[in-house]
Amino acid sequence: FLVLMALCSGAAYAYLHYYKVPLYETSASILIKDESKGVDDSKAMESFKLLTTKKIVDNEIEVLRSSSLLDTVVRNLNLYVELYEKDRFVDRSAYESSPITVIAKNPDALGETVAVPFSFNKKGNTVIINNKQYPLNSWVNTVYGELQFKPNPYQSTDTDLPLYFTLAHPSNVTNVLAGELSVAPTSKLSTVIYLSLVSQSAKRSENILNKLLEVYNKSSLEAKNAMAANTLTFIVGRLQAMGKELGQIEKKIQTFKSNRNAIDIGMQGRLFMENVSNNDQKLGSINMQLAILNQVERYVT
């Protein structure tokens, strides 16, 4: 039994150390104001909001899972490129250990690419692929498409293992990400949505969730802005139409009065007094100018 326990312990250690890739779960939560579940603004607060959009938790879950948002995340984070360390037994993610990252100029033209081995020359700041050197921060033509190699901003460790990268079409990566992402409410009556993602790199999952929430908030803001713009266009159009209608009505009233010699004594009196006041102001201004000119004439003579 002692020998069997030792063998099992050694086999378990070897499996966990060499064959089992560690996975990390990253989570985030977001609060949704769902009036159907008791979370709603008071009437006093609603009076200050001219444009309000009601949200439902189930609908927002589908929005967070939507292909459009996930596709934006994939393209912004360049997830169509995967970096790996090639170990003797199992390959591991090099998201935080690779010295460089890869960006494609036209991701839609990418196809499924097998592992592309590469190495990095620190002295020359060049990437070596198939015995060819490529500089950093410049678009270069390769057999895999027009790519750009940039320093990895998420590198936290160094590695001596061989490195390689793979390329995939963004739509395929979006479908994979949709299957890995978990989006669900914390409970049936809760308005908090819980998001979780399991990956070999905790930093990669964290970046994905942060970018997803950023894109989600931006899309909500754009929807509100579009609603406000449409509402403003409608109001301006109605005001212009009403202004034309009022102008036509005023013309009809004036025509009616002129045809029937209808005179508003009060209005005529106010107009007369306004004309008198304007004439007095102009006369005072002219007298002041004459006085100034007289002073200048006396000074000159």
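Look up a bit, the structure's there.
Predicted model, so just to flag it, every value in this text is computed and none were measured.

Thresholds applied
Residues numbered from 1 in each chain as written. Predicted model: local features only at pLDDT ≥ 70, side-chain atom pairs only at ≥ 80, totals over all residues. Heavy atoms only, no water. Helix = DSSP H or I, 4+ residues; strand = E, 2+ residues; numbered from the N terminus. Buried < 20%, exposed > 50% of the residue type's maximum accessible area, 1.4 Å probe, protein only. Contact = heavy atoms within 4.5 Å. Axes fitted to C-alpha atoms, helices over the stretch in contact; angles between N-to-C directions. Parallel < 35°, antiparallel > 145°, perpendicular 65-115°, else oblique. Nonpolar A, V, L, I, M, F, W, Y, C, P; charged D, E, K, R; others polar. Pairing = 2+ DSSP bridges. Core = buried A, V, L, I, M, F, W, Y, C linked by side-chain atoms within 4.5 Å. Patch = residues over 30% accessible without salt bridge, like charges linked within 9 Å, V, L, I, M, F, W, Y side chains within 5 Å. Areas by Shrake-Rupley, 256 points an atom, 1.4 Å probe, with all protein chains shown as cover. Salt bridge = Lys/Arg side-chain N within 4 Å of Asp/Glu carboxyl O.

Asker: Teacher, can you tell me more about the overall build of the protein here?
Answerer: Secondary structure summary: the protein contains 7 helices and 12 strands in total. Taking all 301 residues of the protein together, 27% fall into the buried category. Within the protein, counting contacts between residues at least 6 apart in sequence, those at least 24 apart form 68% of the total.

Asker: What is the right way to read the packing of helix α3 (residues 57-65) against helix α4 (residues 67-76) from this model?
Answerer: At a minimum axis distance of 5 Å, the contact between α3 and α4 shows a crossing angle of 40°. Taken together, the axis directions place α3 and α4 in an arrangement best described as oblique. In this structure, α3 uses Val 63, Leu 64 and Arg 65 to contact α4, whose residues at the interface are Ser 67, Leu 69 and Leu 70. The residue makeup of the contact of α3 with α4, split by class, is 4 nonpolar, 1 polar and 1 charged.

Asker: I would appreciate a short explanation of the sheet that holds strand β9 (residues 145-151) in the present structure.
Answerer: Two pairing modes exist for strands in a sheet, parallel and antiparallel, and in both the strands are linked by backbone hydrogen bonds. Reading across the sheet, the 3 strands line up as β4-β9-β8 and stay open at both edges, with antiparallel pairing between neighbours. Because the sheet does not close on itself, it has two edges, and the strands there are β4 (100-104) and β8 (139-142). Across the sheet, the axes of successive neighbouring strands diverge by a mean angle of 40°, strand direction being ignored. Pairing between β8 and β9: 4 bridges, direction antiparallel. Bridge pairing in β9 links Val 140 to Leu 147.

Asker: Quick question: what am I supposed to make of the nonpolar core here?
Answerer: Most often, soluble globular proteins have nonpolar side chains that are buried together. The biggest cluster of nonpolar side chains holds 46 residues, and the ones touching the most others in it are Phe 149, Phe 165, Ile 193 and Leu 195. Sorting elements by how many residues they give to this core places helix α6 (residues 202-259) first, with 6 residues. Setting aside its immediate chain neighbours within four residues, Phe 165 contacts Val 81, Glu 82, Leu 83, Val 102, Val 114, Ala 115, Val 116, Phe 118, Ile 129, Leu 147 and Phe 149.

Asker: Honestly, the side chain of Thr 174 in this entry has me stumped. Any pointers?
Answerer: Counting through the fold element by element, Thr 174 comes out in helix α5 (residues 170-180). With residues near it in sequence (within four places) discarded, Thr 174 still touches Ser 67, Leu 70, Asp 71 and Val 74.

Asker: Where do I start with α4 in this structure?
Answerer: Every α-helix winds through 3.6 residues per turn, so residues three or four apart in the chain are directed the same way. For α4, the complete set of buried residues consists of Leu 69, Leu 70, Asp 71, Val 73 and Val 74. In this structure, the buried side of α4 is in contact with α3, α5 and α6. The positive-phi residue at the C-terminal boundary of α4 is Asn 78, with phi of around 55°.

Asker: Would you mind showing me how to read a nonpolar patch on the surface here?
Answerer: Taken together, the side chains of Met 288, Ile 292, Val 296, Tyr 299 and Val 300 make up a nonpolar region of the molecular surface, amounting to roughly 610 Å² of accessible area. Within the secondary structure, Val 296 is located in helix α7 (residues 265-300). A residue is classified by how much of its surface remains accessible, and Val 296, at 44% relative accessible area, is partly exposed.

Asker: I would appreciate a short explanation of the pattern of salt bridges in the present structure.
Answerer: Any two side chains of opposite charge can pair, given that their charged atoms come close. Scanning the entire structure with this criterion turns up 7 salt bridges. Arg 204 is paired through a salt bridge with Glu 82; the nearest N and O atoms lie 3.0 Å apart. Here Arg 204 is found in helix α6, whereas its partner Glu 82 is found in strand β2 (residues 81-85), with 122 residues between them in sequence. Across the pair Glu 214 and Lys 211 runs a salt bridge, and its minimum N-O distance is 3.5 Å. Here Glu 214 and its partner Lys 211 are both found in helix α6, 3 residues apart, which amounts to about one turn of the helix. Using a relative accessible area of 47% as the deciding quantity, one classes Glu 214 as partly exposed.

Asker: Just checking my understanding: could you explain the pairing of strand β12 (residues 192-199) for this structure?
Answerer: Across a regular strand the side chains alternate sides, sitting on one face of the sheet and then on the other. By the bridge criterion, 8 bridges tie strand β1 (residues 24-31) to β12 in an arrangement that is antiparallel. Counterpart to Ala 28 in the pairing with β12 is Leu 195. Summarising the sheet, strand β11 (residues 182-185) and β12 pair through 4 bridges and their orientation is antiparallel. The partner of Pro 185 across the bridge, within β12, is Ile 193. Once β11 ends, the chain turns through 6 residues before running back antiparallel as β12.

Asker: Help me out: how do you make sense of the pairing of strand β6 (residues 126-129) in this one?
Answerer: Pairing of strand β5 (residues 116-121) with β6 involves 3 bridges; the strand directions are antiparallel. Following the sheet pairing, Ser 119 is matched in β6 by Ile 128. The hairpin turn running from β5 into β6, its antiparallel successor, is 4 residues long, and Asn 125 in that turn takes a positive phi close to 50°. Bridge count between β6 and strand β7 (residues 132-135): 4 bridges; the pairing is antiparallel. By the bridge assignment for β7, Thr 126 is matched with Pro 135. Linking β6 back to β7 in an antiparallel pair, the connection comprises 2 residues, with Asn 130 at a positive phi of about 55°.

Just distances and angles here, no functional claims.
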